[in-house]
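A structural walkthrough
This is what each chain is made of:
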Amino acid sequence: GENVEQHPSTLSVQEGDSAVIKCTYSDSASNYFPWYKQELGKGPQLIIDIRSNVGEKKDQRIAVTLNKTAKHFSLHITETQPEDSAVYFCAASKGGSYIPTFGRGTSLIVHP
Amino acid sequence: DARVTQTPRDKVTEMGQEVTMRCQPILGHNTVFWYRQTMMQGLELLAYFRNRAPLDDSGMPKDRFSAEMPDATLATLKIQPSEPRDSAVYFCASGRDSPGDIQYFGAGTRLSVL
């Protein structure tokens, strides 16, 4: 089955700095890669996703890149703010009836 | 603003008691997932329903856990008997058409088994 590795497990940055979280996947047939943000006491919420026919996608301060050859994808957050502090999960899926596989999560701490 | 509703938000019980967690998926969604989140294991998939039919419960301890969807507006996860190692946050998520698409998570049920 699919295996998703996520690094780092913890990331601490100063407000205004950039943050990068990386994930690798094992199944080359995976074609959908969502990123979820989980704030304290809440469930994960989708913040951005990318499909395998696209190499990069941006939404204001967040962006996701995908390298299908190397089987890795990354989340980039620029100009970090304290409200970006949360746990971020990546996931990989083959679509159709296949269930997404989640990474272990990255705890991002943005210091004011 | 459509959202997945989970009840109860918090549950404290004693070992051996039955626990029932409920989930109301977003209207019109036809896939439902149950996850368990712990510090040690991260997000573990317990069960997956599509059009109310259970398609995957391989991640669920069969001897004590059961998941059902009595109708399209209600999914339940039961633990009987509960054990301290079941203490975790349980999330329900719903989606449309296929699990390869966006999942909308509820706020979770925090279970503590003493």
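This report concerns the structure included in the present document. Along each chain, residues carry numbers from 1 onward, in the same order as the chain's sequence is written. Following the order in which they are written, the chains are lettered starting with A and the ligands numbered starting with 1. This being a predicted model, a pLDDT of at least 70 is required before a residue's local features are given, and a value of 80 or more before pairs of side-chain atoms are given or counted; all residues contribute to the totals for chains, interfaces and linings. Side-chain numbers come from the whole structure's heavy atoms, not from hydrogens or water.

Thoughts on the state of the cysteines
All names here are of chain B.
- Two cysteine sulfurs form what is called a disulfide whenever their separation falls within 2.5 Å. This structure, assessed with the given rule, holds 2 disulfides over all chains.
- There is a disulfide in this structure between Cys-23 and Cys-92, and the S-S distance comes to 1.9 Å. Torsion about the S-S bond of the Cys-23 and Cys-92 cystine: about -60 degrees, corresponding to left-handed handedness. Taken together, the residues span a long stretch of sequence, with Cys-23 in strand β3 (residues 19-24) and Cys-92 in strand β9 (residues 88-95) at a distance of 69 residues.
- Looking at Cys-23, the relative accessible area reads 1%, which means it is buried. The secondary structure listing takes helices from DSSP runs of H or I that are at least 4 residues long and strands from runs of E that are at least 2 residues long, numbered from the N terminus. Relative accessibility thresholds used throughout: buried, under 20% of the residue-type maximum; exposed, over 50%; partly exposed, between the two (1.4 Å probe, protein chains only).

Overview of the packing of aromatic side chains
- Any two rings among Phe, Tyr and Trp, with Trp reduced to its six-membered ring, count as a pair given centres within 6.5 Å; such a pair is stacked if its planes are under 30 degrees apart, edge-to-face if over 60, and tilted if neither. Following the criterion strictly, the structure yields 12 aromatic pairs over all chains and no others.
- Seen in terms of ring centroids, B:Phe33 and B:Tyr35 are 6.1 Å apart; in terms of plane orientation they differ by 20 degrees. Their pairing is stacked. By the burial criterion, B:Phe33 is buried, and B:Tyr35 matches it.
- Here the aromatic residues A:Tyr36, A:Phe102, B:Phe33, B:Tyr35, B:Tyr48, B:Phe91 and B:Phe105 are joined through ring pairs into a cluster of three or more.

As for the pairing of strand β8 (residues 74-79) of chain B
Residues and elements named next belong to chain B.
- When DSSP locates at least two bridges between a pair of strands, those strands are taken to pair. Sheet topology places β3 next to β8; 5 bridges connect them, and they run antiparallel. Considered in β8, the bridge of Cys-23 is made with Ala-75.
- Summarising the sheet, strand β7 (residues 65-71) and β8 pair through 5 bridges and their orientation is antiparallel. In the sheet register, Ser-66 faces β8, and the bridge partner there is Lys-78.
- In this antiparallel pair of consecutive strands, β7 and β8, the connection spans 2 residues.

Notes on the pattern of salt bridges
- Only one rule defines a salt bridge in this text: a Lys or Arg side-chain nitrogen within 4 Å of an Asp or Glu carboxyl oxygen. Scanning the model with the defined rule gives 10 salt bridges over all chains in all.
- For A:Arg61, the salt bridge identified is with A:Asp84, shortest N-O distance 2.9 Å. Linking A:Arg61 in the loop between β6 (56-59) and β7 (62-67) with A:Asp84 in the loop between β8 (72-77) and β9 (86-92), this pair joins segments that are 23 residues apart in sequence.
- For A:Asp84, a relative accessible area of 6% corresponds to the buried category.
- With a shortest N-O distance of 3.6 Å, B:Asp57 and B:Lys62 are connected by a salt bridge.
- Through salt bridges with shared partners, a single ionic network connects B:Arg64, B:Glu83, B:Arg85 and B:Asp86.

Here's the deal with the nonpolar core
- In this structure, A:Trp35, A:Phe73 and A:Leu108 are the most contacted members of the largest nonpolar core, which totals 23 residues.
- The set of elements that each furnish at least two residues to this core consists of β2 (10-14), β3 (19-25), β4 (32-38), β5 (45-51), β7, β8, β9 and β11 (106-111) of chain A.
- We define the nonpolar core as a collection of buried residues of types Ala, Val, Leu, Ile, Met, Phe, Trp, Tyr and Cys that are connected through side-chain atoms lying within 4.5 Å of one another. Listed in part, the 22 residues of the second largest apolar core include B:Val4, B:Ile26, B:Val32 and B:Trp34.

As far as function goes, none of this settles anything; it's purely spatial.
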